[in-house]
Amino acid sequence: CGLLFVLLVQKFYFENVLKINKIATLLFFSLISIGILNLSAISHTHAIRQIIFLISFLPIFLLIVCVNPRYIIRFSYVAFILSIALLISVFIIGDVSMGARRWINLGLFKFQPSEISKIITVLAIARYYHFLKEHLTERLKYSFLPFLIILSQIAFILKQPDLGTSLTILLIGISVIFLAGLK
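Residues numbered from 1 in each chain as written. Predicted model: local features only at pLDDT ≥ 70, side-chain atom pairs only at ≥ 80, totals over all residues. Heavy atoms only, no water.

With that settled, consider the overall build of the protein. On a plain count of helices and strands, the protein comes out with 8 helices and 3 strands. For the protein, the α and β elements follow one another from N to C terminus as α-α-α-α-α-β-β-β-α-α-α. Considered along the principal axes of its C-alpha atoms, the protein spans approximately 55 × 50 × 35 Å. Out of the 183 residues in the protein, the part that is buried amounts to 26%. Taking as baseline every contact in the protein between residues at least 6 positions apart, the subset at least 24 positions apart corresponds to 68%. (Helix = DSSP H or I, 4+ residues; strand = E, 2+ residues; numbered from the N terminus. Buried < 20%, exposed > 50% of the residue type's maximum accessible area, 1.4 Å probe, protein only. Contact = heavy atoms within 4.5 Å.)

Below is the structure:
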């Protein structure tokens, strides 16, 4: 039992929950409240459903906040491969809605893998630049792999088709590349 506790302390920073930016959290919940109020004007059922989703996923958010950033970076390439697998699985088991196949039905809710791809793309590119020597980030030839990461995600998302998410991933990815030092 003591060994398990030591492993948890190494992998998780529980004190990070206390360090969450209180103003950002207040703004976050204010925006969610406004969205739920607007949604309740249209449909009380949908508003209640959104509240249930919020309450259900709040513990997951708190768990992610507590994860040691080293582990997030360490597993970012694995997460990238899993996100590609999820994007491919959309073509196999995804639901078709209004001519597009973007969602995976998990019973209680539908899941859109392209939304996870936005986060995973940033993490994979960040890992690449984290281990690259700083003076090399300025050179275009060292940006080939990050562009490949971006384009591989976009290729599957455009096939769904989802132009908006594809452009979002492109802009986010290019922003990370330039923030890393590419001139």
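This part takes up the confidence of the model for the protein. This prediction gives the protein a mean pLDDT of 83; 91% of its residues lie at or above 70. Per-residue pLDDT, averaged within each element of the protein, yields its smallest value for helix α1 (residues 2–11) (52) and its largest for helix α7 (residues 144–158) (92). (pLDDT = per-residue confidence, 0-100.)

In the sheet, strand β1 (residues 95–97) pairs with strand β2 (residues 100–105) via 3 bridges, with the strands oriented antiparallel. Considered in β2, the bridge of Val-96 is made with Arg-101. In this antiparallel pair of consecutive strands, β1 and β2, the connection spans 2 residues, and Met-98 shows a positive phi of 55°. In this structure, β2 lies alongside strand β3 (residues 110–111), joined through 2 bridges in antiparallel fashion. (Pairing = 2+ DSSP bridges.)

Summed over the entire model, instances satisfying the criterion amount to 1 salt bridge. Residues Glu-115 and Lys-118 are paired through a salt bridge, measuring 3.0 Å at the closest nitrogen-oxygen approach. Of this pair, Glu-115 and Lys-118 are both found in helix α6 (residues 113–130), 3 residues apart, which corresponds to roughly one turn of the helix. (Salt bridge = Lys/Arg side-chain N within 4 Å of Asp/Glu carboxyl O.)

Here we come to the environment of Lys-19. Looking at the element boundaries, Lys-19 is found in the loop between α1 and α2 (22–42). Between the C-alpha atom of Lys-19 and that of Val-65, which follows or precedes it by 46 residues, the distance is 9.6 Å.

Let's shift gears to the packing of helix α5 (residues 76–93) against α6. It is the contact of α5 with α6, at a shortest axis distance of 9 Å, that shows an interaxial angle of 150°. It follows from the interaxial angle that α5 and α6 lie roughly antiparallel. For α5 against α6, the interelement crossing comes out left-handed. Along the contact surface, α5 presents Ser-76, Tyr-77, Ala-79, Phe-80, Ser-83, Leu-86, Leu-87 and Val-90, while α6 presents Pro-113, Ser-114, Ser-117, Ile-120, Leu-123, Ala-124, Arg-127 and Tyr-128. Residue classes in the contact of α5 with α6 are distributed as 11 nonpolar, 4 polar and 1 charged. (Axes fitted to C-alpha atoms, helices over the stretch in contact; angles between N-to-C directions. Parallel < 35°, antiparallel > 145°, perpendicular 65-115°, else oblique. Left-handed = near helix turned anticlockwise from the far one by under 90°. Nonpolar A, V, L, I, M, F, W, Y, C, P; charged D, E, K, R; others polar.)

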